[in-house]
Amino acid sequence: MPKVETVPFDAADYLNSAEDVAAYLDAWLEDGSPEELRSALEDVARSRGMSELARATGVSRAGLYKALGPEGNPSFDTIRAVLGSLGLRLSITTIPTKAKAA
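What follows covers the packing of aromatic side chains. Scanning the model with the defined rule gives two aromatic pairs in all. Arranged with centres 5.4 Å apart and planes meeting at 10°, the rings of F9 and Y14 form a pair that is stacked. For the pair F9 and Y14, one class covers both residues: exposed.

Put into structure tokens, the structure is as follows:
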């Protein structure tokens, strides 16, 4: 039997549109931890290209790597700038309540 070659999965390779990015981040916002959301934002940033994103956000390339990297803790301003440069914004909605059992 021939040996199967695999490559690591990288979500950044599949985030090709604003709709893809919005769905990806929305899934992490649904039930992900802050660290997982930071990691998802890093995937999004890499899909766009850090240099391009740095120009669009006004945050330095090194600043983006630091904020979105494994030890990062991005400020709300950085998150807002990244999302805005992607044509996205955060939105608040109500959580549907479950019907009360009789």
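Looking now at the layout of surface pockets. A volume near 570 Å³ is recorded for the largest pocket. Lining the largest pocket we find 17 residues, and of these D26, L29, E30, L90 and S91 sit closest to its centre. Broken down by secondary-structure element, the contributors of at least two residues to the lining of the largest pocket are helix 1 (18–31), helix 2 (34–48) and helix 5 (76–85). Among the residues making up the lining of the largest pocket, the classes are represented as 11 nonpolar, three polar and three charged. The calculated volume of the second largest pocket comes to roughly 150 Å³. Contributing to the lining of the second largest pocket are P34, E35, L37, R38, L41, P70, G72, N73, P74 and I79. At five residues, the largest contribution of residues to the lining of the second largest pocket is made by helix 2.

Here we take up the nonpolar core. One finds V21, Y24, L25, L41, V44, L64 and L86 to be the most contacted residues of the largest nonpolar core, which totals 19 residues. At the level of elements, helix 1, helix 2, helix 3 (50–57), helix 4 (61–68) and helix 5 are the ones that each hand at least two residues to this core. Looking at which element gives the most residues to this core, the answer is helix 2, with four residues. Contact partners of Y24, with chain neighbours within four places excluded, come to A11, L15, A40, D43 and V44.

Another point: a negative patch on the surface. Side chains of D26, E30, D31, E35 and E36 sit close together on the surface and give a patch of like negative charge. Considering every element that reaches the negative patch, the biggest residue donor is helix 1, with three residues.

Across its 15 residues, helix 2 extends 21 Å between first and last C-alpha, which sits within 8% of the 21 Å expected from 1.5 Å per residue. All of the buried residues along helix 2 are R38, A40, L41, E42, D43, V44 and A45. Residues of helix 2 that are buried make contact with helix 1, helix 3, helix 4 and helix 5. Looking one or two places after helix 2, you find G49, whose phi comes out positive at around 105°.

Cut-offs applied
Residues numbered from 1 in each chain as written. Predicted model: local features only at pLDDT ≥ 70, side-chain atom pairs only at ≥ 80, totals over all residues. Heavy atoms only, no water. Phe/Tyr/Trp six-rings, centres within 6.5 Å; stacked < 30°, edge-to-face > 60°. Buried < 20%, exposed > 50% of the residue type's maximum accessible area, 1.4 Å probe, protein only. 1 Å grid on protein atoms, 1.4 Å probe; cavity = no way out; pocket = protein on both sides within 12 Å on 5 of 7 lines; lining within 4 Å. Points joined across faces, edges and corners; volume = space filled by probe spheres on them. Helix = DSSP H or I, 4+ residues; strand = E, 2+ residues; numbered from the N terminus. Nonpolar A, V, L, I, M, F, W, Y, C, P; charged D, E, K, R; others polar. Core = buried A, V, L, I, M, F, W, Y, C linked by side-chain atoms within 4.5 Å. Contact = heavy atoms within 4.5 Å. Patch = residues over 30% accessible without salt bridge, like charges linked within 9 Å, V, L, I, M, F, W, Y side chains within 5 Å. Areas by Shrake-Rupley, 256 points an atom, 1.4 Å probe, with all protein chains shown as cover. Salt bridge = Lys/Arg side-chain N within 4 Å of Asp/Glu carboxyl O. Lys, Arg positive; Asp, Glu negative; His and termini not counted. Charge placed at Lys NZ, Arg CZ, Asp CG, Glu CD. Expected span 1.5 Å × (residues − 1).

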